[in-house]
Amino acid sequence: PRGPPRGPAAPRRNGTHASTSQLFPDAAVVCFDNNPDMDLSWTAARPNVTYVELDVFSPSASRVVDAAAAGRRSVVLGLHLCGALSPRVAVVARESKALGCAISPCCFKGSLGKRVRQRATALSGDASSTRSDASSLLGDAYSILARVMLLLCEADDPDASVELRRDPEMGSPKDAFVVVRKQRFLS
């Protein structure tokens, strides 16, 4: 087998789907990808892991996420999402019935790169322009990307709890997570 699939909610490495299924053996771990030709035979060892083909840019993406959750409480997790996948997965999570999302952005590809550069320019003049306390992260390119993702999520859902967390044990310099908890689930 080729190894873990690439795409939203599916890791490139580290077997996050398998780890999640082991940590939460009574939970259904549903992973999404847009590659219909993927060899998923290696997932057979984890009975609570399933894959659903999904183009997160489709208008029905949030409904597909809700259908996969089948009425259960859910959280959208996106690891090392390239370019515009990060903000799109955040929108899909917001539009779905998920409790929220945790997104680890990856790179500056596509339109997100343009938004990152624009926001980095604006932040360089006013580091206090957000309600978050993440201003200390302004610095290296990846930190700017993570901070811009945080700002995009704050702007997209002003009532949500949005925070930026770093996980130095990820084994990657791309170790930031933007965590969004929807207002109706805060208490």
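Analysis parameters
- Residues numbered from 1 in each chain as written.
- Predicted model: local features only at pLDDT ≥ 70, side-chain atom pairs only at ≥ 80, totals over all residues.
- Heavy atoms only, no water.
- 1 Å grid on protein atoms, 1.4 Å probe; cavity = no way out; pocket = protein on both sides within 12 Å on 5 of 7 lines; lining within 4 Å.
- Points joined across faces, edges and corners; volume = space filled by probe spheres on them.
- Helix = DSSP H or I, 4+ residues; strand = E, 2+ residues; numbered from the N terminus.
- Nonpolar A, V, L, I, M, F, W, Y, C, P; charged D, E, K, R; others polar.
- pLDDT = per-residue confidence, 0-100.
- Contact = heavy atoms within 4.5 Å.

Asker: Help me out: how do you make sense of the layout of surface pockets in this one?
Answerer: It is a probe the size of a water molecule, rolled over the atoms, that shows where empty space is left. By volume, the second largest pocket is sized at about 230 Å³. Along the wall of the second largest pocket there are 19 residues; nearest its centre are Pro 87, Ala 90, Val 91, Cys 153 and Asp 156. Elements with a minimum of two residues in the lining of the second largest pocket: α3 (85-95), β4 (100-105), α4 (110-125) and α5 (141-156). With 6 residues, the single largest contributor to the lining of the second largest pocket is α3. Across the lining of the second largest pocket, the residue classes tally to 11 nonpolar, 2 polar and 6 charged.

Asker: Explain the confidence of the model for the protein here, please?
Answerer: When pLDDT is low, close inspection of the predicted coordinates is not appropriate. Predicted confidence across the protein gives a mean pLDDT of 77, with 75% of residues reaching 70 or more. Element-level pLDDT for the protein is lowest in α4, with a mean of 67, against a maximum mean of 94 in strand β5 (residues 161-166). Under a pLDDT of 50 for its full length, residues 1-14 has, in the predicted model, 48 contacts with residues more than four places off or in other chains. Segment residues 127-138: pLDDT under 50, and 27 contacts once partners within four positions in sequence are set aside and those in other chains are kept.

Asker: How should I be thinking about the environment of Ala 45 in this particular structure?
Answerer: You can see Ala 45 is positioned in the loop between β1 (29-33) and β2 (49-53). Considered as a pair, Ala 45 and Ala 18 are 27 residues apart in the sequence and their alpha carbons are 9.0 Å apart.

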